[in-house]
Amino acid sequence: MKIYGKNSREYPERLRILDDMPDKLYVEGDMVENDRPSLAIVGARNCSCYGKNMAYEYARILAAQGVQIISGMARGVDAAAHAGAMAGGGKTYGILGCGVDICYPASNRKLYQQIPGQGGLISELEPGTPPMAYHFPRRNRIISGMADGVLVVEAKEKSGSLITADCALEQGKNVFALPGRAGDLLSEGCNRLIYQGAIPAWKPEIILEEMKWSKKNEAWRSNTGEKERLVLAREDKLVYSCLNLTPKSVSQLQEETGLSPTGLMSGLVHLTMNGLAQEIGKNYYIRS
């Protein structure tokens, strides 16, 4: 475990300039890097499969572009974002509402063990401090403070994730929200944020464009684009063009592409093998 005070060279510059920031941070793994872009992804603990999938995919895609993913290690959206960032080969950081020597919730044990190898676990609380309810709203100011912007993925109208969004606004950060269906309880918070001026992030590229990250430093980026161009040059280009981040069934894809069952499945297998498609449920596919 490492301990960084405000006067330490490793203390995050993003926090140093803000009021009410911790005098001391405890870290398992590494500290957030000052010279790399970072995005906080937060949302509902009891999220839908759609919300979990979106958090995972947005984090994976952005992490592959060199964006550090920050979240709160909670169940649901937070856990999916951490997992997606690691799957994208990037860095992810969990900001805890307890000591860094405590895994909370226990269901995230695997993430707790993996994250220090691809980022870090960070807390302002001394080791041994248990996860008390009042720690988490205060913890949220650090999540937004360490990030250049915040993405909210699924949130009820009264959600802890909106506290993080409010903190981000107070800190002068950009707030993004994943648009949701009207009438969906888990989308009320996001849709209200958009109504109030948050940027609707209907695809990860919106965040890269708005934050001007796509052109800022080519060293952050992976070779994903080259791989995509190679695969899209093949006959399965039609299948790929019909895929997006919303799961589609094989029958729906067959109707949209007009391909034979054999041709469609051949294309899906080829895209999946090259990491450009993912089967998230039996016969349901998304773009990767």
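The structure presented is a predicted model; accordingly, all values stated were derived computationally and were not measured. (Residues numbered from 1 in each chain as written. Predicted model: local features only at pLDDT ≥ 70, side-chain atom pairs only at ≥ 80, totals over all residues. Heavy atoms only, no water.)

Caption draft 1: Local environment of the state of the cysteines. Overall, the coordinates contain 0 disulfides when judged by the stated rule. Note on Cys167: no disulfide assigned, nearest cysteine sulfur contributed by Cys190 at a separation of 16 Å. Overall, Cys167 belongs to the buried group, its relative accessible area being 13%. (Disulfide = S-S within 2.5 Å. Buried < 20%, exposed > 50% of the residue type's maximum accessible area, 1.4 Å probe, protein only.)

Caption draft 2: Region of interest: the packing of aromatic side chains. Following the criterion strictly, the structure yields 1 aromatic pair and no others. Ring centres 5.9 Å apart and planes at 40 degrees place the aromatic pair Tyr104 and Phe136 in the tilted group. Of this pair, Tyr104 sits in the loop between β5 (92-95) and α4 (109-114) while Phe136 sits in helix α5 (residues 135-145); the two residues are 32 residues apart in sequence, bridging distant segments of the chain. Among the residues examined, Tyr104 registers a relative accessible area of 38% and is labelled partly exposed. (Phe/Tyr/Trp six-rings, centres within 6.5 Å; stacked < 30°, edge-to-face > 60°. Helix = DSSP H or I, 4+ residues; strand = E, 2+ residues; numbered from the N terminus.)

Caption draft 3: Main features of the side chain of Glu154. Following the sequence through the fold, Glu154 ends up in the loop between β7 (149-153) and α6 (160-170). Buried charged residue Glu154 carries no salt bridge. Nearest counter-charge: Arg181, at 7.1 Å. Once residues within four sequence positions are removed from consideration, Glu154 is found in contact with Gly43, Ala44, Cys47, Ser48, Tyr50, Gly51, Leu186 and Cys190. (Lys, Arg positive; Asp, Glu negative; His and termini not counted. Salt bridge = Lys/Arg side-chain N within 4 Å of Asp/Glu carboxyl O. Contact = heavy atoms within 4.5 Å.)

Caption draft 4: Main features of the pattern of salt bridges. The tally for this structure, following the rule as stated, stands at 13 salt bridges. Of the charged contacts, one joins Glu33 and Arg36 as a salt bridge, the two residues approaching to 3.3 Å between their closest N and O atoms. Since its relative accessible area comes to 26%, Glu33 is described here as partly exposed. Owing to a relative accessible area of 27%, Arg36 belongs among the partly exposed residues under this scheme. It is possible to trace a salt-bridge network through shared partners that takes in Asp20, Glu124, Arg138 and Arg141.

It is worth stressing that arrangement in space is one thing and function is another; only the former is reported here.
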